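Coordinate analysis (summary)
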Amino acid sequence: MSLRKFITNKTTAALAVLITVFANTSVFAQDAAAGAAAAPKVDMGEVYKSVIFYILVFLAVCLFIAIIGKAIKVYELSREAQGKPVGINWNRVHASLFALFLVIGLYGVYWEYTVHGAMLLPDAASEHGKKIDEMFNLTLIITTIVFVVTHILLFGFSYIYKYSAKRKAYYYPHNNTIEKIWTIVPALVLTVLVLMGFLTWRSIFFKVEDPNNKPLQIEVTSEQFKWSIRYPGADGIVGNKNYKLTTATNALGIDFKDINSRDDEMADEMVLPVGKPVKLILTSKDVIHSFYMPHFRVQLNTVPGMRTIFEFTPTKTTAEMQQETNDPNFKYLFLCAKICGSGHYNMQKVVRVVSEAEYKTWIAEQKTYLNDDLRKQFNLPVAPAPVKSVADSAAKDSAAVKTNQMALNK
């Protein structure tokens, strides 16, 4: 080969370009490494966290894809201009991508269920919670089967029946049998799900009260950013309240003209006897909050001016849950499930489920909300001052005598 042909040869030219690019890249890389070693380290953490950084990365990726696309387009046009067959079979590429996305997508579903499946709600600790879990699991199983089957058919058909010049598409305008199958089967499945949901909902919300086992009434009032819990007194009835009666001393606006209110008690935590029906009376002072007890499968909105009622029965004590979860610090909680403001994180309280005997001991220690200031406000007779016992008086007198004796000794 002559020197001229060697210089003008395409392979030689391509090798020369590659060598030049490699050499320049190596030089730039060495300069950059030397510069990086010499320059002081800069903390890029804040840069990586900024929105602008990720916007620039996104634009750079888009630009890279556009350049690749343009290069491929130029390549194809050049082959077309030279009368050569198409270099890339895009139908096959697209079909392969469909198959690839199908495999990746199904693995993603499997990964989500196996890795994040444990992040679902824990076992229910209430009677109706088991029914809700059964409904949820049945719905999840059916929808997962439908999801997997439909996606296999959708992506599989796109791969198998990709365009081929050797095959002609079959015109298939209508089929009554197929229409009936994909109409009747989903309708039956949805009917079963809706009917089961309706019956479950009725079994939870519509109960016949057992006169021998009346539910324990507990009123929960939400406000930004705290919960107030009110228990009934010996009468077992939470008394009325009126927002117009709200004052500094009567923060909940309890109407103490109602006899049922006078023995009501306030509590810092919610204590429930296990196996005892509990009727929650939910209200709000300011905005809509969402009362949420995840372990008991209870979630209802608390709305200003409205009393929302929900009845449930706890089935596991806190101690039992600590043993089941092998967590001695386990606590039931109720919290707000709405983003109600900057102090939303404060909207949670401990729920303690105990035995009947422990509950009676605890409720006996609680004090009534009605005090002397409220009695004066509602023109009620003020409670008489506690009478000092004889033993106390005697002790005081003894101390006085002893003091006098010491003074005399001096």
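From a predicted model like this one, the values you see are computed outputs, not experimental measurements.

With respect to the nonpolar core
- If you look at the biggest cluster of nonpolar residues, it comprises 35 residues, and the most contacted ones within it are I218, Y231, M270, L280, F291 and M293.
- Filtering out sequence-adjacent residues up to four positions away, M293 remains in contact with M270, L280, V298, F312, L333, F334 and V351.
- Judged by nonpolar contacts, the second largest core, of eight residues, contains Y369, L370, L374 and F378.

Some remarks on the sheet that holds strand β8 (residues 308-312)
- Ordered by their spatial adjacency, five strands build an open sheet running β3-β2-β1-β5-β8, and the pairing between neighbours is mixed. Whereas interior strands pair on both sides, the edge strands pair on one side only; in this sheet they are β3 (265-267) and β8. Ignoring strand direction, the axes of neighbouring strands in this sheet form an average angle of 25°.
- The pairing of strand β1 (residues 216-223) with strand β5 (residues 278-284) spans seven bridges and is classified as parallel. Pairing of T221 across the sheet is with T283, part of β5.
- Contacts from helix α9 (residues 356-365) reach β1, β2 (226-231) and β3 within the one sheet, and its direction differs from that of β2 by about 100°.

Examining the layout of surface pockets
- Estimates place the volume of the largest pocket at around 530 Å³.
- Residue assignment for the lining of the largest pocket shows that the elements contributing at least two residues are α6 (127-160) and α7 (176-205).
- Ranked by the residues each element gives to the lining of the largest pocket, the list is headed by α6, at seven residues.
- Within the lining of the largest pocket, the residues separate by chemical class into twelve nonpolar, two polar and no charged.

Examining the pattern of salt bridges
- For the coordinates displayed, the defined rule picks out seven salt bridges.
- Between K316 and E324 there is a salt bridge whose closest N-O contact spans 3.2 Å.
- In this structure E324 comes out as partly exposed when scored by relative accessible area, which is 49%.
- Here the residues in one salt-bridge network are E219, R230, K241 and D264, joined through shared partners.

Considering the sheet that holds strand β7 (residues 298-302)
- An order of β4-β10-β9-β6-β7 is seen for the five strands of this open sheet, with the pairing classed as mixed. Whereas interior strands pair on both sides, the edge strands pair on one side only; in this sheet they are β4 (270-273) and β7. Ignoring which end each strand starts from, the neighbouring axes of this sheet average 20° apart.
- Bridge count between strand β6 (residues 289-293) and strand β9 (residues 332-336): two bridges; the pairing is antiparallel. Each bridged residue has a counterpart across the sheet, and for Y292 the counterpart in β9 is L335.

A word on a nonpolar patch on the surface
- On the surface, I141, I145, V149, L153, F157, Y159, I160 and Y161 cluster together into a nonpolar patch covering about 820 Å² of accessible area.
- With respect to the secondary-structure elements, I145 resides in helix α6.

Let's talk about the confidence of the model for the protein
- The share of residues in the protein with pLDDT of 70 or more is 84%, and the mean pLDDT across the chain is 85.
- Low pLDDT, under 50, characterises residues 388-410; the predicted model gives this stretch zero contacts beyond four residues in sequence or across chains.

Some points on α6
- Relative to the 50 Å expected for 34 residues at 1.5 Å per residue, α6 spans 50 Å between its end C-alpha atoms, a close match to the ideal helical length.
- Those residues of α6 that fall on the buried side of the exposure criterion are H128, G129, D133, M135, T144, F155 and G156.
- In this structure, the buried side of α6 is in contact with α5 (90-115), α7, β7 and β8.
- By the N-cap criterion, in which a side-chain oxygen at the helix start approaches the backbone nitrogen of a residue two or three places on, α6 is capped by S126, the distance to G129 being 3.2 Å.

So, α7
- A rise of 1.5 Å per residue sets the reference length of α7, with its 30 residues, at 44 Å; its end C-alpha atoms lie 43 Å apart and thus fit the reference within 8%.
- Looking only at α7, the buried set comprises L193, T200 and I204.
- On its buried face, α7 is in contact with α6 and β8.

Describing unusual backbone geometry
- Here Q224 and F225 are connected by a cis peptide whose omega angle stands at 5°.
- Note that F225 resides in the loop between β1 and β2.
- A positive phi angle is found at R297, which is not glycine, with a value near 55°.
- Structurally, R297 is set in the loop between β6 and β7.
- For N326, which is not a glycine, the phi torsion comes out positive at approximately 55°.
- Here N326 lies in the loop between α8 (318-324) and β9.

Focus on the pairing of β2
- Of all the six residues making up β2, five are buried; the element is thus mostly covered by neighbouring parts of the structure.
- Sheet topology note: the β1/β2 ladder contains five bridges and is antiparallel. Counterpart to E223 in the pairing with β2 is K226.
- Adjacent in sequence and paired antiparallel, β1 and β2 are bridged by two residues.
- For β2 and β3, the ladder comprises three bridges, and the chain directions are antiparallel. When the sheet's bridge partners are listed, R230 is paired in β3 with M266.

Structural notes on the packing of α5 against α6
- Their axes nearest at 8 Å, the elements α5 and α6 cross at an angle of 165°. As judged from the angle between their axes, α5 and α6 are roughly antiparallel. Every pair of crossing elements has a handedness; the one defined by α5 and α6 is left-handed. The residues of α6 that touch α5, namely those facing A95, S96, F98, A99, F101, L102, L106, V109 and Y113, are L140, T144, F147, V148, H151, I152, F155, G156, S158 and Y159.
- Along the lines of polarity and charge, the residues of the contact of α5 with α6 split into 14 nonpolar, five polar and no charged.

Conventions we followed
Residues numbered from 1 in each chain as written. Predicted model: local features only at pLDDT ≥ 70, side-chain atom pairs only at ≥ 80, totals over all residues. Heavy atoms only, no water. Core = buried A, V, L, I, M, F, W, Y, C linked by side-chain atoms within 4.5 Å. Buried < 20%, exposed > 50% of the residue type's maximum accessible area, 1.4 Å probe, protein only. Contact = heavy atoms within 4.5 Å. Pairing = 2+ DSSP bridges. Helix = DSSP H or I, 4+ residues; strand = E, 2+ residues; numbered from the N terminus. Axes fitted to C-alpha atoms, helices over the stretch in contact; angles between N-to-C directions. 1 Å grid on protein atoms, 1.4 Å probe; cavity = no way out; pocket = protein on both sides within 12 Å on 5 of 7 lines; lining within 4 Å. Points joined across faces, edges and corners; volume = space filled by probe spheres on them. Nonpolar A, V, L, I, M, F, W, Y, C, P; charged D, E, K, R; others polar. Salt bridge = Lys/Arg side-chain N within 4 Å of Asp/Glu carboxyl O. Patch = residues over 30% accessible without salt bridge, like charges linked within 9 Å, V, L, I, M, F, W, Y side chains within 5 Å. Areas by Shrake-Rupley, 256 points an atom, 1.4 Å probe, with all protein chains shown as cover. pLDDT = per-residue confidence, 0-100. Expected span 1.5 Å × (residues − 1). Polar contact = N/O pair within 3.5 Å; in protein donor to acceptor, adjacent residues only side chain to side chain. Parallel < 35°, antiparallel > 145°, perpendicular 65-115°, else oblique. Left-handed = near helix turned anticlockwise from the far one by under 90°.

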